[in-house]
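# Geometric and topological summary
The lines below spell out each chain.
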There are 2 protein chains.
Amino acid sequence: MEMVSANTTQEKGVLGRVWERIITLTKAFKEKVWEICRMTKKIAQDDPRKVIHSLKVGLAISLVSLFYYYQPLYENFGLSAMWAVMTVVVVFEYTVGATLGKGLNRTLATLMAGTLGVGAHYLASLAGEKVEPILIGFFVFLQAAIVSFIRFIPKVKARYDYGFLIFILTFSLISVSGFRDDEVLEMAHKRLSTIFIGGSACVVISIFVCPVWAGEELHYSIALNLEKLSDFLQAFICEYFTTLEDGDSTNIMSCLERYKSVLNSKSSEESLANFARWEPGHGKFRFRHPWDQYLKIGTLSRQCAYRMEALKGYLNSDNQGSSEIRSMMEEASLEMTMESTKALKELGLSIKTMTKPFSADIHIANSKAASKRLKSLLQSSLREETDLLSVIPVGTVASLLIDIADCTEKLADCVNDLASLTNFDDVESNKCPKISQSSYCECAEPDPKIDASDVVILVEDSALAMPDCEKTKSDQHNIV
Amino acid sequence: MEMVSANTTQEKGVLGRVWERIITLTKAFKEKVWEICRMTKKIAQDDPRKVIHSLKVGLAISLVSLFYYYQPLYENFGLSAMWAVMTVVVVFEYTVGATLGKGLNRTLATLMAGTLGVGAHYLASLAGEKVEPILIGFFVFLQAAIVSFIRFIPKVKARYDYGFLIFILTFSLISVSGFRDDEVLEMAHKRLSTIFIGGSACVVISIFVCPVWAGEELHYSIALNLEKLSDFLQAFICEYFTTLEDGDSTNIMSCLERYKSVLNSKSSEESLANFARWEPGHGKFRFRHPWDQYLKIGTLSRQCAYRMEALKGYLNSDNQGSSEIRSMMEEASLEMTMESTKALKELGLSIKTMTKPFSADIHIANSKAASKRLKSLLQSSLREETDLLSVIPVGTVASLLIDIADCTEKLADCVNDLASLTNFDDVESNKCPKISQSSYCECAEPDPKIDASDVVILVEDSALAMPDCEKTKSDQHNIV
């Protein structure tokens, strides 16, 4: 009896454990599903255009499937109609530029490789039946090796990588299958026309149904990056020169993190610029819009961001330096940085609205004047008891801020170049203060001149009103 | 007569101009061809593995073309044999990991989408002839839209993007063409088996013919980056604390530029880590090698590089600061930075050779001691006449160097973690000095302790021997 009961308990124990394991697994699975749902919802909320893109892809593929549904089309194209479906799946990209680039690359590469493939097939067939497969094999090897190597050239990789891939593909298919079918020309023609149809469907849908232009993305992301830098600067001086309440502090903290995305923006900006070059004129962007100028602005923005990365270490450092020197430099540093901040914000706004920067030069001039004042302040002799260690943190911060002000000046030049290259609109002077004020009101007081007595008010003002990260974030998703 | 001669002159003029234009065009064309040849030669010389890769691609495609050359295979697979050629062209990537990832993604996605496609086709056929195309169209739309959206999830994009693309492709092809052919199962089977054969050919060739492992690339590029940082630091202090002759100076200048590639290394490191996760164990790397740890080291390297970017501005700045304070800090700064340099170089070497860092901790300790000494030096009072402006540049440089020393300490911790995670080999203590010496000899004198009197000799030594950029560059291409 005891044995049996022991067995039953053991069995129950085993069953119980299995049951428990099942329950934990189910729970873990449920949580995973929930997590995925939450993430999906977040992605969809952050950028509804991604949902629209998905629907566009579905639409394009369903449309091209008509090739199969309708008898006459099917008989014309036969099996190669699936090339059209394939083309849509492979070519349809998020931005118009990427789709156009891939479509053009695919069509042109197919055309060229098709011609060459037919030529290679003809040449090989002249050589006699025995030599033919050897020759064709040799041609295929040769072109695959050469084109694969060409794909390593950086300039080619950036713009024509996909085209060269399709070149290898088409050449191999045509010359190899031609050897079998002797219907090379027909196959080449079919492949080209189906690809053309599939590609056109992609391009038409991506341009006319809620288009996402790579150029516009680049344009607004460059403008947004300038705003991020400006937000950081403003949050930094608020945090460095004052002590804030907790609520503001968390808000400021999130602004202090925003510049980080600028640090690693190089590759995404470069690929956007490459896509944008394929795009036709749209809105205020013409065909040969100077996208390289945006890359220059991007490079300067990153240089600013590197300085900010170095600056940030001084916010919560143990050694904050002498408060005496800090307060001595406070006024000039604040004015210089505030002017740089305003200049950055206006430059961002100027790009965003494609209007010539109106007062950025004034802010830059003010910032330079403040920088000079700061330098002459720093030239005043130190008192004997001051040690270097208490001077250095403050000095380094000042020096990095001066660096950033210089960088802002270069940025302003670069944006001015962009404005003249692309004929940004002029803003009437009576209209302009409205623009700048409406954007600065959120971040700082509208008066560009700061008295020493105003410093505390200014800082309080900006601390309360500026780090409006949430707003800017939602802004970003509406525009970019 | 005059008219005629005038006409002739004019004609000659036109002809002459056309001729001239042709000559200039030919010249420009020749130059372009030459430029391309030079660039090609440079790419081939810089990394001969790229040539080998191109030949491998040619080999794989030629091999798979056997499907067409030999009658029996052709009869088995027919037209779908071209899927094998296509698979090779599309799947064959530079590194083993990328090829494996794409191959697995393609095979698994084809398997899953094939199954689902057949299911969808069966379900639709149950609904009757009239509803069938509508249902199939709906299924295709639904899966294309959902999968396109899933591709936006960052984690999915990083590792499974290609798989999901092929999922859409296969599902659409099978369910749509199945509607026509009623040979869905056969088609799915053919497609899967040809893709499997093409994929296997790629994987086998990429693994067994001069393999390029993504993991190894990541490993050595991380090690190389640490060396680049170390080179910069050493070149910086040589340049900052001494005046060099022209010959050395250009050599040093090239070393001062090398850290720049570290600034934008994030995306390439991340994609290499993603590829590496697909790779089987090879050499000293096992299957689940801690690739994330490499990414952590990469992040810290970039943080160092950001500081270096800020530092570099102080080399050729107009205001070099007080030479008195500079010489006061020279000894401690030099020792601290030299020790950091040595630690960085040893960490890089330790990763490269997969041996535990032997003396890095000692260098870090020395660097910390020097940093403390530097700080206490800075605490000594300033003389009355010193102005802040002459103090700040020197102070900022010292402060950034201290930052970099701190960063080096974190890097050492990270590399130690990696060493214990992956069981780096121990180096016998009698063997180790040989290793460290052989690498340091080129860059600095072997004695870790520096006297103030040795500083000049040290700097001269290192200036002559260290910035051996060319050597390191060729090293890189042999190993990485």
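In this text, all values refer to a predicted model and were calculated from it rather than measured experimentally.

Criteria and thresholds
- Residues numbered from 1 in each chain as written.
- Chains lettered and ligands numbered in written order.
- Predicted model: local features only at pLDDT ≥ 70, side-chain atom pairs only at ≥ 80, totals over all residues.
- Heavy atoms only, no water.
- Helix = DSSP H or I, 4+ residues; strand = E, 2+ residues; numbered from the N terminus.
- Buried < 20%, exposed > 50% of the residue type's maximum accessible area, 1.4 Å probe, protein only.
- Contact = heavy atoms within 4.5 Å.
- Phe/Tyr/Trp six-rings, centres within 6.5 Å; stacked < 30°, edge-to-face > 60°.
- Lys NZ or Arg CZ within 6 Å of the ring centre and 35° of its normal.
- Salt bridge = Lys/Arg side-chain N within 4 Å of Asp/Glu carboxyl O.
- Axes fitted to C-alpha atoms, helices over the stretch in contact; angles between N-to-C directions.
- Parallel < 35°, antiparallel > 145°, perpendicular 65-115°, else oblique.
- Left-handed = near helix turned anticlockwise from the far one by under 90°.
- Nonpolar A, V, L, I, M, F, W, Y, C, P; charged D, E, K, R; others polar.
- Patch = residues over 30% accessible without salt bridge, like charges linked within 9 Å, V, L, I, M, F, W, Y side chains within 5 Å.
- Areas by Shrake-Rupley, 256 points an atom, 1.4 Å probe, with all protein chains shown as cover.
- Expected span 1.5 Å × (residues − 1).
- Core = buried A, V, L, I, M, F, W, Y, C linked by side-chain atoms within 4.5 Å.
- pLDDT = per-residue confidence, 0-100.

So, about the overall build of chain A. For chain A, the count of helices and strands is 20 helices and zero strands. Every one of the 480 residues in chain A was classed for burial, and the buried ones make up 53%. Counting contacts in chain A only where the partners sit at least 6 residues apart, residues at least 24 apart contribute 81% of the total.

In this section: the packing of aromatic side chains. Two aromatic rings, taken as a pair, are described by how far apart their centres are and by the angle between their planes. As enumerated under the stated definition, the model contains 21 aromatic pairs over all chains in all. On the basis of an interplanar angle of 90° and a centroid distance of 6.0 Å, the ring pair of Tyr 160 of chain B and Trp 278 of chain B is categorised as edge-to-face. Of this pair, Tyr 160 of chain B sits in helix α8 (residues 154–181) while Trp 278 of chain B sits in the loop between α13 (266–276) and α14 (291–312), placing them 118 residues apart in sequence. Relative accessible area serves as the criterion here: at 35%, Tyr 160 of chain B is assigned to the partly exposed category. On the basis of relative accessible area, Trp 278 of chain B is assigned to the buried category, the value being 18%. In this structure an aromatic cluster arises from ring pairing among Phe 232, Phe 236, Tyr 240 and Tyr 259 of chain A. One cation-aromatic arrangement involves Arg 159 of chain B over Trp 278 of chain B; the distance from NZ or CZ to the ring centre is 4.7 Å.

All names here are of chain A. All told, the structure shown has 38 salt bridges over all chains when counted by the stated rule. Residue Glu 217 pairs with Arg 49 through a salt bridge whose shortest N-O separation is 2.9 Å. In this pair, Glu 217 sits in helix α10 (residues 214–241) while Arg 49 sits in helix α2 (residues 48–64), placing the two residues 168 residues apart along the sequence. Using a relative accessible area of 13% as the deciding quantity, one classes Glu 217 as buried.

Our focus in this paragraph is the environment of Asp 46 of chain B. The topology assignment puts Asp 46 of chain B in helix α1 (residues 2–46). Sequence spacing of Asp 46 of chain B and Ile 222 of chain B is 176 residues, and the spatial spacing of their C-alpha atoms is 19 Å.

Let us now look at the packing of α10 of chain A against helix α15 (residues 323–353) of chain A. Residue and element names in this part refer to chain A. Remark: α10 packs on α15, axes separated minimally by 8 Å, with the N-to-C direction vectors making an angle of 165°. When the axis of α10 is compared with that of α15, the two are roughly antiparallel. The chirality of how α10 crosses α15 is left-handed. When grouped by side-chain class, the residues that make up the contact of α10 with α15 number 14 nonpolar, eight polar and six charged.

What follows covers a nonpolar patch on the surface. Nonpolar side chains collect at one region of the surface, where Val 14, Val 18, Trp 19, Ile 22 and Ile 23 of chain A lie side by side and expose about 460 Å² of accessible area between them. Its location among the elements puts Trp 19 of chain A in helix α1 (residues 2–46).

Next up on the list: helix α7 (residues 131–150) of chain A. A rise of 1.5 Å per residue sets the reference length of α7 of chain A, with its 20 residues, at 28 Å; its end C-alpha atoms lie 28 Å apart and thus fit the reference within 8%. Residues Glu 132, Ile 136, Gly 137, Phe 139, Val 140, Gln 143, Ala 144, Ala 145, Val 147, Ser 148 and Phe 149 of chain A constitute the buried set of α7 of chain A.

Turning our attention to the nonpolar core. Side chains of a nonpolar character, in soluble globular proteins, are inclined to be buried together. If you look at the biggest cluster of nonpolar residues, it comprises 146 residues, and the most contacted ones within it are Leu 229, Phe 236 and Ile 351 of chain A together with Leu 229, Phe 236 and Ile 351 of chain B. In this view, Leu 229 of chain B contacts Tyr 259, Val 262, Ser 301, Cys 304, Ala 305, Met 308 and Leu 344 of chain B; residues no more than four positions away in its chain are not counted. In this structure, Val 85 and Val 147 of chain A together with Val 57 and Leu 173 of chain B belong to the second largest nonpolar core, which totals 72 residues.

Here the focus is the confidence of the model for chain A. All names here are of chain A. Here chain A averages 79 in pLDDT, and 78% of its residues register 70 or above. Put simply, helix α19 (residues 455–465) is where chain A has its lowest mean pLDDT, 34, and helix α13 (residues 266–276) is where it has its highest, 92. As a predicted assembly, this complex carries a pTM of 0.80 together with an ipTM value of 0.79.

Let us look at unusual backbone geometry. Residue and element names in this part refer to chain A. The backbone of Cys 210 shows a phi angle near 40°, a positive value even though the residue is not glycine. Its place among the elements puts Cys 210 in the loop between α9 (184–208) and α10. According to the relative accessible area criterion, Cys 210 is partly exposed, its value standing at 43%. The phi angle at Asn 423 is positive, at roughly 50°, despite the residue not being glycine. Residue position: Asn 423 is located in the loop between α17 (388–421) and α18 (432–440).

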